[in-house]
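# Topology and contacts: notes
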Amino acid sequence: MDCVSELGAQVDEILPEVQKPSQYMGREYGAVQGRWEDSETRVALAYPDSYGVGMSHLGLQILYRVINGHEEFRAERVFAPLTDMAEKLRSRNLPLFSLESRKPVSEFDFLGITLQSELTYTNVLQLLSLSHIPLRRQSRALSDPFVVVGGPCAFNAEPLAPFADLVALGDGEELIMELLNCFRRWIKERRPGGKEEFYCRAAQIEGIYAPALYDPEYDESGNFSSISCEKGVPSRVKKRVLEDLNRGEFPVRPVIPYADTVHDRGVVELFRGCTRGCRFCLPGMVYRPVRERSADNVCDITRQLVLETGYEEVSLSSLSSTDYSSIGSVVDQLVDTMPLRATSLSLPSLRVDAVSVDVADKVREVRNTGLTVAPEAGSQRLRDVINKGVTQEDFEDALQRAFSAGCDNLKLYFMMGLPTETDADIIAQAEMVDMARRLYSHHRKSQRGLRISVSVALFVPKPHTPFQWEPQLGAEEFQRRVELLRGHLPSGNVKVTWSDPQSALIEAALARGDRRLADVIQSAWEKGAVFDGWSEHFSFQAWREAFDEEDLDPWYYASRTRGENEPFPWEHLDPGVTREFLLSERRRAFKGIPTPDCRWADCSGCGMSCGVTGEHGRVQSSGDEHVP
Amino acid sequence: MNMCPESRVVRQCGKRLRCRLSVARPVRWVSHLEFMGMLTRAVRRTAAPVQYSRGFNPRPQMSFATARPVGLSSEAEFVDFTMQRPYCPDEFGEALDGSMPKGFSVSGCKAVSEDGPSLMAALNAARYELLYEGRVPQLSEWQAALCEFLQRSSIVITRERHNKPDRRLDIRPNIYRLRVSSESCGIRVLADLGLGGENNVRPSELVSALQAVVQECLQATQEVRRPAVHRLEVYRREDNQKISAWCV
């Protein structure tokens, strides 16, 4: 029997009293074993949401494997405890612990936290507080872990800057190892210069931003004006790019959770980045260029993954799976040669067209789970504005194929409050639903049997996108447009859900916020805000009071059209695409001019140095190429 | 003690393989549903010719003796696997043992008759070990207390049920035997309780009922810590005979 530490024994005492205790247990298949003492440098990898959400995240599994591939380093996992567990830890004054060794998070050298959504920011504070780590960087001791944040939201880490020691921009595989090695050298030299010196050294690593060395300034009227930095560090921090996905480590033996997770399946990453250029999309702008995994590599790791995990389902994942150049041949090969019985493939994020539906049909996805597509906007005019390269014909073709393949379930994702949107665009969304029903009854001679669900998200303008200047639509107007849509939808068989405009407002304020919002985040968290992305936990009250207390206005950040020459607090964080490109994309948006994907058309001049004009550094794969 | 009609056990390969699994203390927080999911993937990793169910989501055909409550460690989780063709039990047991996460293990695997009853229908009793560590009463006090406990004509408890109102029921008829011994680490109580269906007594219910008794004979203000509970055995109780799970 394992030797259980004192903390471990105390944890065992509270586990009978919490929901789903296995999520705090660790010891899953694929979890790292061995002893804590045998490593020199330890990293707690945290996902600031529940175990169920965090364990579905591929990035965490990748970094876990990369770090644990080295004997001297050790990575363990941490998630945000659900509220019942958090209460138990507090009432017994127990610190938050890692799943593997049940060590207090505060005993690690690093605490790495991924930022996948602005609505997890209060959970970041929750993690620090439950770990008994001082929230503010300035209050932390040399013995406290270095808090490093990364992920898509790190591209505007300013609202979290006072809580983070370091921010990692871009791909983490190589960056994390350089950071850990830099740390080891600094430790071996007996930590010269304290934390400040380590910040300076780390800031030399491409992709590392040390907010302590940067100081934002505001003008008399309280607007952000500029950011200054200390000598010896770059004034603009470039993101890190992993050039070749085939050479990066891929977790073919991931940690397999016992507990139910959001996605209970294996994941293979087809490619990273996306150049479709949807003008609202943050990942599509900041994770350029497109880097494809080779078809052979995809097939290899899929087979290995199936054998190693026993998963019944493997998802071929990326920002737009059917844009993968060899998708057809890879799916054919895999369907024919899947090593274990009854293993199914799934393709999330389908492009809206017939080719994509055909590919999905090959893996029986369409028949089993139905068709899920995101046209985002209802009218061609608005789709041109947002550069969503989907035409009415594409949509019709996709539906025709899906219905003839036996699909009875249609899920549509729309946005509302997009720039230039009018009532006619909303009514056009209803017309798309109507057309789906007509096509279905044409195939089946009846409309019954088709289930349609329409999900409407209130548009959240994101930094580093062509719409970073745009205001967010107000809650009242959003509600009116939702009602307009519902009024035009046929009754029966159509289920409509829409986002909570209040949480979307907070998301928008944080997304384009500046460093002053740190006080608001802390104050909201102190008032009980936590798990803001969960409707049952979100408290607008806490946030409104927090904004009031700090004398800041969420609408100032979310609902204001920003000036073309206005400096932004996130622009020293450089994802590669230039402000000029974003601005020209914004102008094209207002003229309704689409910008084609540079994978199949000319270079759009986004500013990202991808090496190969028009090809965007894409790794050529064997097999057939399909060009839409 | 164990009656085992030899005819039931098929020594050689078979299409119905019965495994005895252990759930060690550190992994006892895994629920029954999660345990089934873990086994499904472990079985798939072995690539052994297990029979799969038909339908959109084919699953390996497994049938369980009983659902293990969350938090209970066990060395007697019996599962029957249906194979596509006769398969060597030793080979299957070994492969399954090697493909489960640390903390779960296979302690035996045998082929059993294909037309025998299901484990769930056949088994009706289980033996648990309750280990009281730390400051606990003396053995003699325990013996007296348990004697008194068993002499009660009824022991009524309140059972909480998921999405249903609580239920009051008498567990005394289904407490078959209690034995107590002194071990180096504390006091060990062996309890034979009803298993499954109407006769089921959850070990936690016995522990709660015993808690008052224990507290009383300790005659102190200090709270006695709840014991570590472990499932030792599941069996069929028939005319006061004990039939092993291998033989039902």
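Remember, predicted model here, so these are calculated numbers, not experimental data. (Residues numbered from 1 in each chain as written. Chains lettered and ligands numbered in written order. Predicted model: local features only at pLDDT ≥ 70, side-chain atom pairs only at ≥ 80, totals over all residues.)

## Some thoughts on the packing of helix 11 (residues 354-362) of chain A against helix 14 (residues 392-404) of chain A
Two numbers describe a pair of packed helices, the interaxial angle and the distance between the axes. Residue and element names in this part refer to chain A. We count it as follows: An axis is simply a line fitted to the C-alpha atoms; with a helix, the fit covers only the stretch in contact. Between two such axes, the angle follows the N-to-C directions and lies from 0 to 180 degrees. Counting from the N terminus, the helices are the DSSP runs of H or I reaching at least four residues and the strands are the DSSP runs of E reaching at least two. The cut-offs work like this: below 35 degrees is roughly parallel, past 145 is roughly antiparallel, 65 to 115 is roughly perpendicular, and the gaps in between are oblique. Two helices cross in a left-handed way if the nearer one is turned anticlockwise from the farther one by less than a right angle. They cross in a right-handed way if the turn is clockwise. Think of it this way: build a C-beta for each residue from its backbone, and any pair within 7 Å is a contact. Amino acids outside the nonpolar list (Ala, Val, Leu, Ile, Met, Phe, Trp, Tyr, Cys, Pro) and the charged list (Asp, Glu, Lys, Arg) are all regarded as polar, and Gly is one of them.
At a minimum axis distance of 7 Å, the contact between helix 11 and helix 14 shows a crossing angle of 25°. Taken as axis vectors, helix 11 and helix 14 run roughly parallel relative to one another. With respect to the hand of their crossing, helix 11 and helix 14 are arranged in right-handed fashion. The segment helix 11 lies against helix 14, with Ala-354, Ser-356, Val-357, Asp-358 and Asp-361 engaging Asp-397, Ala-398, Arg-401 and Ala-402. Considered class by class, the residues forming the contact of helix 11 with helix 14 number 4 nonpolar, 1 polar and 4 charged.

## Quick look at the interface of chain B and chain A
Size of an interface, as often reported, equals the accessible area lost when the parts are brought together. Contact with chain B, which involves 24 residues of that partner, is made by 22 residues of chain A. Tallied by class, the residues present in the side of chain B that touches chain A amount to 13 nonpolar, 5 polar and 6 charged.

## Some points on the sheet that holds strand 16 (residues 409-416) of chain A
Across a sheet, paired strands are connected by hydrogen bonds in the backbone, their directions being either parallel or antiparallel. Residues and elements named next belong to chain A. Just so we agree on the cut-off: One bridge is not enough; two strands pair if DSSP finds at least two bridges between them.
In spatial order, the strands read 15-16-17-18; together these 4 strands make up an open sheet with parallel pairing. Edge positions in the sheet fall to strand 15 (371-376) and strand 18 (494-498), since each has one partner strand and no second. Averaged over all pairs of adjacent strands, the angle between their axes in this sheet comes to 20°, without regard to strand direction. Taken together, the 8 bridges between strand 16 and strand 17 (residues 451-458) define a ladder with parallel strand orientation. Bridge pairing in strand 17 links Asn-409 to Arg-451.

## Things to note about the domain arrangement of chain B
Residues and elements named next belong to chain B. Rules: Domain extents, as shown, originate in an automatic or database domain assignment.
According to the domain assignment, chain B consists of domain 1 (6-121) and domain 2 (124-240). Between the C-alpha centres of domain 1 and domain 2 the distance comes to 28 Å. Counting residues per element, the side of domain 1 that touches domain 2 draws most heavily on strand 4 (residues 73-87), at 5 residues. Its residues placed into classes, the side of domain 1 that touches domain 2 shows 6 nonpolar, 3 polar and 1 charged.

## Here's the deal with the nonpolar core
Side chains that are nonpolar tend, in soluble globular proteins, to be buried together. The test is simple: Residues of type Ala, Val, Leu, Ile, Met, Phe, Trp, Tyr and Cys that are buried and joined through C-beta atoms within 7 Å form what is called a nonpolar core. Between the buried cut of 20 or more and the exposed cut of 12 or fewer other C-beta atoms within 10 Å of a residue's own C-beta lies the partly exposed class, and all C-beta atoms are placed from the backbone.
Ranked by internal contacts, the top residues of the largest apolar core, which has 233 residues, are Ala-164 and Leu-166 of chain A. Summarising the domain contributions, this core has at least three residues from each of domain 1 (6-121) and domain 2 (124-240) of chain B. Those residues in contact with Ala-164 of chain A that lie beyond four places of it in its chain are Arg-137, Val-147, Val-148, Val-149, Ala-157 and Pro-211 of chain A.

## With respect to the sheet that holds strand 3 (residues 110-114) of chain A
All names here are of chain A. The strand order across the open sheet built from 6 strands is 2-1-3-4-5-6, with neighbouring strands paired in mixed fashion. Two strands lie at the open edges of the sheet, namely strand 2 (73-79) and strand 6 (208-209), each paired on one side alone. By the bridge criterion, 2 bridges tie strand 4 (residues 146-150) to strand 5 (residues 166-168) in an arrangement that is parallel. Looking at strand 5, one finds that Val-148 is bridged to Leu-166. Running over the sheet, helix 6 (residues 172-188) touches strand 1 (41-47), strand 2, strand 4, strand 5 and strand 6 and is turned about 140° from strand 1.

## Considerations on the environment of Met-435 of chain A
Here Met-435 of chain A is to be found in helix 15 (residues 423-444). For the pair formed by Met-435 of chain A and Glu-396 of chain A, sequence separation is 39 residues and the distance between their alpha carbons is 8.1 Å.

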